[in-house]
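In case you want the letters, here they are:
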Amino acid sequence: MRQDVLDFLRAVVEGRSPGEDWQNWFRLNEQYFQRVLSRGRFLRLKFHPLTEAKSILTQYSVPFEASEAFEWLDSFSTSDRCRICGETLMHNAGGWAWCPKGCFVLMT
Ligand SMILES: [Zn+2]
């Protein structure tokens, strides 16, 4: 695993700004991950970044202090924050949810 990747994952797991947006960073490295990670690991990292990043860091013996600051990146997040930018989502009575920064609009 590349050192810059481990550094990035560690920053996210520790709740520090990794210097780049997770979604952009993942897209940029997607081909690399498909090459070096098993299919299961790749998908878990894509949809459950924090959980899988901890698992990868442990595998490579990288010490870290876990933080839930980026929990909202997870597909199963209960934080009610935008999975792309982390803003608190807006809701209306009609069941719509959207990101105030314009990342998405969702009718539930
Ligand atoms: Zn957003």
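What follows is about the coordination of the zinc ion. Every protein donor of the zinc ion is listed here as Cys 82 (SG), Cys 85 (SG), Cys 99 (SG) and Cys 103 (SG), and their distances to the metal cover 2.2 to 2.4 Å. Note that the zinc ion binds 4 donor atoms; their angles at the metal cover 105 to 112°, and the shape is tetrahedral. Counting along the primary sequence, the residues that act as donors to the zinc ion give the motif C-x2-C-x13-C-x3-C. Taking relative accessible area as the criterion, Cys 82 reaches 0% and is therefore assigned buried.

A side chain of one charge can pair with a side chain of the opposite charge if their charged atoms are brought near each other. Taken as a whole, this structure holds 8 salt bridges when the rule is applied. With a closest N to O distance of 2.3 Å, Glu 52 and Arg 41 form a salt bridge. With a gap of 11 residues between them, Glu 52 in helix 4 (residues 49-59) and Arg 41 in helix 3 (residues 39-47) connect regions that are remote in the sequence. When sorted by exposure, Glu 52 lands in the same class as Arg 41, which is buried. With a shortest N-O distance of 2.9 Å, Arg 44 and Glu 52 are connected by a salt bridge. The class for Glu 52 is buried, based on a relative accessible area of 4%.

This part is about the packing of aromatic side chains. Evaluation of the coordinates by the stated rule reveals 9 aromatic pairs. Taken together, a centroid distance of 5.7 Å and an interplanar angle of 55° make the contact between Phe 70 and Trp 72 tilted. When the ring centre of Tyr 32 is taken as origin, the NZ or CZ atom of Arg 2, which lies over that ring, is 4.4 Å away.

Turning our attention to the sheet that holds strand 2 (residues 96-98). Spatially, the 3 strands line up as an open sheet ordered 1-2-3, and their pairing is antiparallel. Strand pairing shows two members of the sheet lacking a second neighbour, strand 1 (90-91) and strand 3 (105-107), which therefore form its edges. In this structure, strand 1 lies alongside strand 2, joined through 2 bridges in antiparallel fashion. In the sheet register, Met 90 faces strand 2, and the bridge partner there is Trp 98.

What counts and how
- Residues numbered from 1 in each chain as written.
- Predicted model: local features only at pLDDT ≥ 70, side-chain atom pairs only at ≥ 80, totals over all residues.
- Heavy atoms only, no water.
- Donors = N, O, S within 2.8 Å, 3.2 Å for Na, K, Ca; no water.
- Tetrahedral: all angles 85-135°; square planar, octahedral: opposite > 155°, others 65-115°.
- Buried < 20%, exposed > 50% of the residue type's maximum accessible area, 1.4 Å probe, protein only.
- Salt bridge = Lys/Arg side-chain N within 4 Å of Asp/Glu carboxyl O.
- Helix = DSSP H or I, 4+ residues; strand = E, 2+ residues; numbered from the N terminus.
- Phe/Tyr/Trp six-rings, centres within 6.5 Å; stacked < 30°, edge-to-face > 60°.
- Lys NZ or Arg CZ within 6 Å of the ring centre and 35° of its normal.
- Pairing = 2+ DSSP bridges.

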